[in-house]
Structure formats: structure tokens, C-alpha cells
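Structural features, examined
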Amino acid sequence: MMMEFPQYRLLEGAETLYVIEGPRHAVEFQPLGLKQWMPHAHVATDYPRFVWLQELQNETGHARAISREGFLELLQTREVRGASSQLGRFVAEDVHRNLDVTADVALQERTTFGVPAATKRHALVHSDEEVREALLMSVEKNWEPLILGGGSNVLMHSDWPGLTIEMNIKGIEVLSDDGNHIEVVVGAGESWHAWVLHAVNEGWNGLENLALIPGSVGASPMQNIGAYGVELKDRFAWLEAIHRGTGELRRFDHATCEFGYRESIFKRSARDQWIIVRVAFALERNAPLHTDYGAIQSELKHLSSPDITHKDVAEAVMRIRRSKLPDPAVLGNAGSFFKNPILEAPAFRSVMSKTPEVVHYALEDGSYKLAAGWLIEQAGWKGYRRGDCGVHDRQALVLVNYGEATGQEIWQLALDIVADVQHKFGVELQPEVNQLGAH
Ligand SMILES: Cc1cc2nc3c(=O)[nH]c(=O)nc-3n(C[C@H](O)[C@H](O)[C@H](O)COP(=O)(O)OP(=O)(O)OC[C@H]3O[C@@H](n4cnc5c(N)ncnc54)[C@H](O)[C@@H]3O)c2cc1C
């Protein structure tokens, strides 16, 4: 017999409500006192939970079927609790919603490198529930998921044979404000730069040096984005992510994210395991200004007022970035293609013995960060062009697509640069950009 979903259940005696959304997926609303519901999502990935869900469907336990109208009437007697109540809003407003999956979607316009690539299936997700729906679909149909934000840190080597899940969870919500400290939670699908501008305009300061970085809020913790002396981790409070295998929603605090230079747990031990759905920031009205970078100082010199504001810093950063970095809308690129290499003291001394002029910064832990752009420029690659791909003529760290380059051509250029820098300086460059598809 074909089962119809969603179905609604009420647990007798306990008042708990359930929405059964599919054979392996249910949302439970547990009453908290007289005023609140606590939502829990259940994805039956193991046998005991599958049996429990079947019992719920078959009314063999203490739960009985109720109508959609009856369910909504009961749900409206309390508020649904949660960081942003995404789950509750989705269930209350649109239980019948089915995720739209579009076949054969071009990714050229959805990634800033603009190389030719397509995805077999594409879904735009607006809520935690839609993320779960997409994940469940990918498990059931064996479609490998690829999470996409703004596509500004990826190089597609080939078409994607599975399901791309594009993050479009929106929302900016103030959680606390004591007059100086503000905690704000932001949906993963918000544009990073638009969020930074919004925060600066509200006087929620601390992110201004990170203005004009392309991409989404949800991807920002992935590589702990950073620029002009500030990194995401300096203003990060916590994030929530959904597990790709179980649908579990988990909160990650600062320590759990294991942030490092262009690194986090999501690029290392927890790689390909979580989908970040929202990020919370700890901002301050009286945040200290970070103006140590020479370029920022010379930009600020032109200001007539001696009182520099956070907005001035944001605008200075935007002017510098516009003058130095290629605009992806005009020239395909994904920002810095390589990370600045970090060397332990013995390896650094060995490089210095051959190249004493190498540009470097001593780090607090005794290691040294080398300027990858300087190494690439000294090796003679700045401004180099091969067919339709090349190295930007103002910033040697940025590889560019002049129009018709393929992912594989850009990758081959990157490999040639890596080999040459290794040969000339004995330093191994690592890509910062995520390499996707078969290569
Ligand atoms: C011109 C230019 C300048 C740049 N400047 C900087 C800079 O100054 N500093 C800096 O740090 N970076 C910089 N970048 C790189 C890029 O903007 C950032 O890495 C950004 O955070 C990527 O966001 P995105 O939404 O585009 O991610 P995408 O490119 O869509 O995805 C990047 C990776 O994260 C994964 N991912 C995306 N969203 C999620 C999610 N919600 N949950 C789980 N996984 C997810 C993807 O699967 C992929 O592996 C620059 C890029 C460009 C094009």
C-alpha cells in the first residue's frame, strides 16, 4: 500500500506532536511547560529508529492520527523554540512543500572561476528542513551531494554527477545586546559582504576588515576567511550545522571548530560531514580598529576627519580590494589560489640560506609564514598567460580565466607553478581553492 505524507500524530497523555514527513523522517514537537514547543528532527538511519517510526505511522504505540488542521491548531498554542525557529516556521507554514530539484544546471554562472561545468541535479534550499530533505534524497537515490554557497572558492574540474545543494537560508537575528556587545545569528545563505555592510551600518563592529570578500556566510567558517589582519575566528561565537549522514543538528562552539590559518575542522577531520546552516557572531559597538596594514593606513591618510570610524575602515578596505583584485564578474577567479606556506624553523632556515630576501612573517608559535605571491612573482609567473588561463598581472596569487579556460587547464597551470616554486625555492605550495569533480 502506498503511504501518503505528511501524516500527523498526537502522543496521548504526553501532548507531544509529530509530523511524519516520509518513511524515514519525522519532526517531533515536545511541549516545554505551557508556552513552548521544542522541535527535534528524527531521521531513521538505523533499524531501531526505523521501527519506532513505523510504529508511529501504524499507530501501534500511544500515538494517534490527527488531521493537518488539528495539528496546526495544537501547534499554534505554543511558540516553537530554536535559534531561529526555522524548523517550526517551515512546519507551521508549509508542511506540504516538496523540494524542487532541477536537472542539468550549468555551474559556470554559479562559480566565480566561470569554467564550463554542469551539475546533474540542483536544489536551492531555504531552511533546515529543506537541507534534510535534500540530504535524505541524496542518500536514498545515491546522488553524491555538493554544497554550494557563492561558488567563490571552488574550481570545477568536471561536471558534478550527483546533487548540488545551494544554500539559501536567510535571516539576521539579534540574540543579545547589552549596549556594547551584540550576538547576532545569520543564515548560511546570506551574502557575506552584504552582511558585513549591514553590521557596519548598524554599528555592530568587528568585521569591517573583511568587507568585500565574496561568497556566503555559511562558507565563511570553512576556511576561517581572513583579510587585513582580521579573521572570522576573531568575531565567531558559534555555528549550527546539519550532519550529512544523520540529519542531526549540532551546535559547534569556537574551540570545536579548530580554526587555523585558512583552516577549520570542516576542512580536516570533519570534511564533507556537515552542512553549516547558520553562524553567530560576537560583535561590539566599541570594537578596536585594526588599521596596522600599510595599505589601510595610506588609504585613511586621505580622510579629512581625524576620528576614524569602523565605516571608514570598511570603505578603505573596499577601495584597496577593488584596486588590487580582479572582479570575478569581469575576470573569472577564486581569489588567492594558494595558501601562504607555513614552515617550521629548520625548514625556514634552509629556505633563507638560499634566498635570504624571501618575504616572511614570524608567527607566535616559532614557525614562519612565507608570502606565496612573492615566491610566484620571483619565479617569473606574474602576468603569465597560457591560452585563456593565466596569473593575474597585479596579484600573482590569483589565477584567472580570461574566458574559455577549463578547470583542468587552470589546474595544470597551478601544478606547473607548484613544481617551479618547489624547484626554485624548495617550498611546497598548497591550494587554498577547493578542487571539485574528477581530476
Ligand atoms: C575576488 C576574490 C577575493 C577573495 N578574497 C578572499 C579573502 O580576502 N580572504 C578569504 O579568506 N577568502 C577570499 N576569497 C575566497 C572566498 O571568497 C571565500 O573562501 C568564501 O568564504 C567562499 O564562500 P562561498 O560561499 O563562495 O563558498 P563556495 O565557493 O560555494 O564553497 C567553498 C567550499 O565550502 C563548502 N561550503 C559552502 N557552503 C557551505 C556550507 N554552508 N556548509 C558546508 N560547506 C559549505 C563548499 O562545498 C566548498 O567546498 C576570495 C574569492 C574571490 C573570488
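All chains considered together, the criterion is met by 16 aromatic pairs. Between Y228 and Y293 the ring centres are 5.6 Å apart and the planes differ by 75°, which places this aromatic pair in the edge-to-face class. Here Y228, found in the loop between strand 14 (226-227) and strand 15 (230-231), pairs with Y293, found in the loop between strand 18 (274-284) and helix 7 (294-300); they are 65 residues apart in sequence, far enough to count as distant. Counting every residue linked through ring pairs, the aromatic cluster contains F113, F337, F338 and W411. The lysine or arginine in question, R78, covers the ring of W37, its NZ or CZ lying 4.7 Å from the ring centre.

Let us look at the environment of L300. With respect to the element layout, L300 can be found in helix 7. By relative accessible area, which is 8% here, L300 ends up buried. With residues up to four places along the chain from it excluded, the contact list for L300 reads T291, I308, D312 and A316.

The strand order across the open sheet formed by five strands is 12-13-18-16-17, and the pairing between neighbours is antiparallel. The open sheet terminates on both sides in strands that have one partner only, identified here as strand 12 (172-177) and strand 17 (249-253). Put simply, the sheet's adjacent strands are angled 20° from each other on average, direction ignored. In this sheet, strand 18 lies alongside strand 13 (residues 181-187) in antiparallel orientation, the contact comprising seven bridges. Of the residues in strand 18, the one forming a bridge with V184 is F281. In this fold helix 5 (residues 192-202) packs onto strand 12, strand 13 and strand 18, with an angle of close to 20° to the strand it touches most, strand 18.

Around the ligand, 32 residues are found, and the nearest of them are I147, G150, S152, S216 and R321. Backbone polar atom of G151 to an oxygen atom of the ligand: 2.8 Å apart, as the coordinates give it. Protein burial of the ligand: of its 980 Å² of free accessible surface, 94% is covered by the chains. Contributing elements (two or more residues each) for the shell around the ligand: strand 9 (145-148), strand 14, strand 18 and strand 19 (332-336).

Here the focus is the sheet that holds strand 21 (residues 360-362). The strand order across the open sheet built from three strands is 20-22-21, with neighbouring strands paired in antiparallel fashion. Looking at the sheet topology across the chains shown, the edges are occupied by strand 20 (342-343) and strand 21. Note: strand 20 against strand 22 (residues 368-370), two bridges, orientation antiparallel. Paired with I342 across the strands is K369, a residue of strand 22.

Here we take up the nonpolar core. By size, the foremost hydrophobic cluster in this structure holds 43 residues, and its most contacted members are F337 and I417. A per-element tally of this core places helix 11 (residues 407-425) first, with eight residues. Counting residues domain by domain, this core receives three or more from each of domain 2 (102-167) and domain 4 (332-436). Contact partners of F337, with chain neighbours within four places excluded, come to F113, L155, L397, L399, I410, W411, A414, Q430, P431, E432, V433 and Q435. Judged by nonpolar contacts, the second largest core, of 41 residues, contains V184, V200, V217 and I320.

Once that is clear, we can look at the domain arrangement of the protein chain. Partitioning the protein chain into domains gives domain 1 (7-93), domain 2 (102-167), domain 3 (173-232 + 264-270 + 280-324) and domain 4 (332-436). Centre-to-centre separation of domain 2 and domain 4, based on C-alpha positions: 29 Å. Every contact between the two is made by 13 residues of domain 2 and, on the other side, 18 residues of domain 4. Roughly 1,400 Å² of surface becomes buried between domain 2 and domain 4 when both sides are summed, with 58% attributable to carbon and sulfur atoms. Summed over the shared surface of domain 2 and domain 4, the result is zero salt bridges. There are nine residue pairs in polar contact (both at pLDDT 80 or more) connecting domain 2 and domain 4. Counting residues per element, the side of domain 2 that touches domain 4 draws most heavily on strand 10 (residues 154-156), which supplies three residues. The residue inventory of the side of domain 2 that touches domain 4, partitioned by class, reads seven nonpolar, six polar and no charged.

Parameters at a glance
- Residues numbered from 1 in each chain as written.
- Predicted model: local features only at pLDDT ≥ 70, side-chain atom pairs only at ≥ 80, totals over all residues.
- Heavy atoms only, no water.
- Phe/Tyr/Trp six-rings, centres within 6.5 Å; stacked < 30°, edge-to-face > 60°.
- Helix = DSSP H or I, 4+ residues; strand = E, 2+ residues; numbered from the N terminus.
- Lys NZ or Arg CZ within 6 Å of the ring centre and 35° of its normal.
- Buried < 20%, exposed > 50% of the residue type's maximum accessible area, 1.4 Å probe, protein only.
- Contact = heavy atoms within 4.5 Å.
- Pairing = 2+ DSSP bridges.
- Axes fitted to C-alpha atoms, helices over the stretch in contact; angles between N-to-C directions.
- Near = heavy atom within 4 Å.
- Polar contact = N/O pair within 3.5 Å; in protein donor to acceptor, adjacent residues only side chain to side chain.
- Areas by Shrake-Rupley, 256 points an atom, 1.4 Å probe, with all protein chains shown as cover.
- Core = buried A, V, L, I, M, F, W, Y, C linked by side-chain atoms within 4.5 Å.
- Domains from an automatic or database assignment.
- Buried area = accessible area lost by both parts, 1.4 Å probe.
- Salt bridge = Lys/Arg side-chain N within 4 Å of Asp/Glu carboxyl O.
- Nonpolar A, V, L, I, M, F, W, Y, C, P; charged D, E, K, R; others polar.

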